[in-house]
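One-letter residues, chain by chain:
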Amino acid sequence: MLETSARLLRLLSLLQAHRDWSGADLADRLGVTPRTVRRDVDRLRELGYPVNASPGTGGGYQLGAGAQLPPLLLDDDEAVAVAVGLRTAAGQGVEGIGESSVRALSKLEQVLPGRLRRRVGALNSFTVPMLRTPRQQAVDPAVLTELAGVCRDSERLRFDYRDHGGSSSRRTVEPHRLVCTERRWYLVAWDVDRDDWRTFRADRIEPRAPHGPRFTPRTPPADDLAAYVSKGVSTRAYAAQAVIRLLVPLETAAGRITPSDGTLEAETERSCLLRTGALSLDVMVIHVLLMGFEFEVVEPADLTGRISSARDLLSRALERGVRSAEPGSARPAP
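What this report covers is the structure whose coordinates are included nearby. (Residues numbered from 1 in each chain as written. Predicted model: local features only at pLDDT ≥ 70, side-chain atom pairs only at ≥ 80, totals over all residues. Heavy atoms only, no water.)

A few points about the packing of aromatic side chains
Tallied over the entire structure, the rule returns four aromatic pairs. Measuring from centroid to centroid gives 6.1 Å for Phe159 and Tyr161, while their planes differ by 80°, and the two rings are edge-to-face. For the pair Phe159 and Tyr161, a shared accessibility class is recorded, and that class is buried. Feature note: the residues Phe159, Tyr161 and Phe200 constitute an aromatic cluster, connected by ring pairs. (Phe/Tyr/Trp six-rings, centres within 6.5 Å; stacked < 30°, edge-to-face > 60°. Buried < 20%, exposed > 50% of the residue type's maximum accessible area, 1.4 Å probe, protein only.)

The following block contains the structure:
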């Protein structure tokens, strides 16, 4: 009986790990005959697991969706990976996901063997999550799943949208993909009224039913949608745009510059190009300086003049600071 129970657990684990299995493959993995596999599948069905079978030489077995969530069978590395994922999910900008993740992690810890509970316990005890600040808006998980659904089903989406300034507008789009960064979720979609591709922040979207009609998906605006969105939110969205040559390797720059700061492009082994945006060229000067790398301005030329003005301003401030620090000197008038 113990051997049969262990084999059933192994069979269930195989069905969860792979979408389709032939009877011969399962028999080979379990070291039994195809007839035994059929009997074990029947036992799983009696226990409430919806195992689907397709007949014929090309047929096989597949674990279907049931009315209840079956228990998952995880190996050691998978269990720790799930724990890390749940812990990380607390700061991903999805409303309510942090609390749900903590509940799921608590349930996982209850069934972990001692060798793994200690590893996961260390992860929880010695990790401090840097959660989003109150100013950052979290996206409703129901909105995310609704957006993912219309992307999957190629259905037109109607929604109210709040822009950066707080103004509202009604949009009708053909949704293509969701793109997530370390702080935000974005919807890439074809705007029907504007006849162009647009990127929308998911936390500013309020869907309006009903959805539809269906549409034929268009060729996306870029092969790399992550880079496309990064360029949009870090460059195209701003009035002032610039190309900066950073005098460090691409790998070094990427360790400090996030997709929301700008897009990076390798140039040589010792330099890379940064394409970025800011509210103004004066703000751009501060933005680039705070990155802390040696750099050259590629474009626009006006940015070099703003850097010169900032240099002169800082030089005068330093000179006044040195003079005021000298013994017997009077504080300079403002």
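Things to note about the sheet that holds strand β10 (residues 271–278)
In space, the four strands of this open sheet follow the order β9-β10-β8-β11, with antiparallel pairing throughout. The open sheet has two edge strands, β9 (263–268) and β11 (295–299), and neither has a second partner. On average, each strand axis in the sheet is inclined to that of its neighbour by 30°, with strand direction left out of account. Strand direction decides the pairing type here: strand β8 (residues 240–246) and β11, joined by four bridges, are antiparallel. In the strand pairing of β11, Ile244 is matched with Val297. Contacts between helix α8 (residues 225–236) and the sheet are confined to β8, β9 and β10, with β10 contributing the most and set at about 55° to the helix. Running at roughly 140° to β11, helix α11 (residues 301–325) makes contact with β8 and β11 of the sheet. (Pairing = 2+ DSSP bridges. Helix = DSSP H or I, 4+ residues; strand = E, 2+ residues; numbered from the N terminus. Axes fitted to C-alpha atoms, helices over the stretch in contact; angles between N-to-C directions. Contact = heavy atoms within 4.5 Å.)

Some details on the pairing of strand β3 (residues 157–162)
Here β3 pairs with strand β4 (residues 168–180) via six bridges, running antiparallel. Looking at β4, one finds that Leu157 is bridged to Val173. The hairpin formed by β3 and β4 contains five residues between the paired strands, and Gly166 there has a positive phi angle of roughly 95°. Here four bridges tie β3 to strand β7 (residues 205–208), and the two strands are oriented antiparallel to one another. By the bridge assignment for β7, Arg158 is matched with Arg208.

Focus: the nonpolar core
Residues Ile244, Leu246, Ala253, Ile257, Phe293 and Leu303 are the most contacted members of the largest nonpolar core, which totals 17 residues. Every element with two or more residues in this core is listed here: β8, β10 and α10 (281–289). (Core = buried A, V, L, I, M, F, W, Y, C linked by side-chain atoms within 4.5 Å.)

Let's talk about the side chain of Ser234
Within the secondary structure layout, Ser234 lies in helix α8. Residue Ser234 is classed as buried on the basis of its relative accessible area, which comes to 1%. A polar contact is formed between the side chain of Ser234 and the backbone oxygen of Ser230, at a distance of 2.5 Å. Once residues within four sequence positions are removed from consideration, Ser234 is found in contact with Pro259, Ser260, Asp261, Gly262, Thr263, Arg275, Thr276 and Gly277. (Polar contact = N/O pair within 3.5 Å; in protein donor to acceptor, adjacent residues only side chain to side chain.)

Details of the packing of α10 against α11
Interaxial distance between α10 and α11 falls to 9 Å at its minimum, and their mutual angle equals 70°. Between α10 and α11, the crossing angle belongs to the class labelled roughly perpendicular. Listed contacts from α11 to Leu281, Asp282, Met284 and Val285 of α10 are Asp302, Leu303, Arg306, Ile307 and Ala310. (Parallel < 35°, antiparallel > 145°, perpendicular 65-115°, else oblique.)

Things to note about the sheet that holds strand β6 (residues 196–201)
Read across the sheet, five strands follow the order β6-β5-β4-β3-β7 without closing on themselves; strand pairing throughout is antiparallel. Every other strand in the sheet has two partners, leaving β6 and β7 as the edge strands with one partner each. Averaged over all pairs of adjacent strands, the angle between strand axes in this sheet comes to 50°, irrespective of strand direction. Relative to strand β5 (residues 185–191), β4 runs antiparallel, the two sharing seven bridges. Following the sheet pairing, Leu178 is matched in β5 by Leu187. Lying over the sheet, helix α7 (residues 141–153) contacts β3, β4, β5 and β7, oriented at roughly 80° with respect to β4.

Brief notes about α7
Because each turn of an α-helix spans 3.6 residues, side chains separated by three or four positions end up pointing in the same direction. For α7, which comprises 13 residues, the first-to-last C-alpha distance of 18 Å matches the rise-based estimate of 18 Å (1.5 Å per residue) to within 8%. In this structure, the buried side of α7 is in contact with β3, β4, β5 and β7. Structurally, the start of α7 carries an N-cap: the backbone nitrogen of Ala142 is 2.9 Å from a side-chain oxygen of Asp140. One or two positions beyond α7, positive phi appears at Ser154, with a value near 55°. (Expected span 1.5 Å × (residues − 1).)

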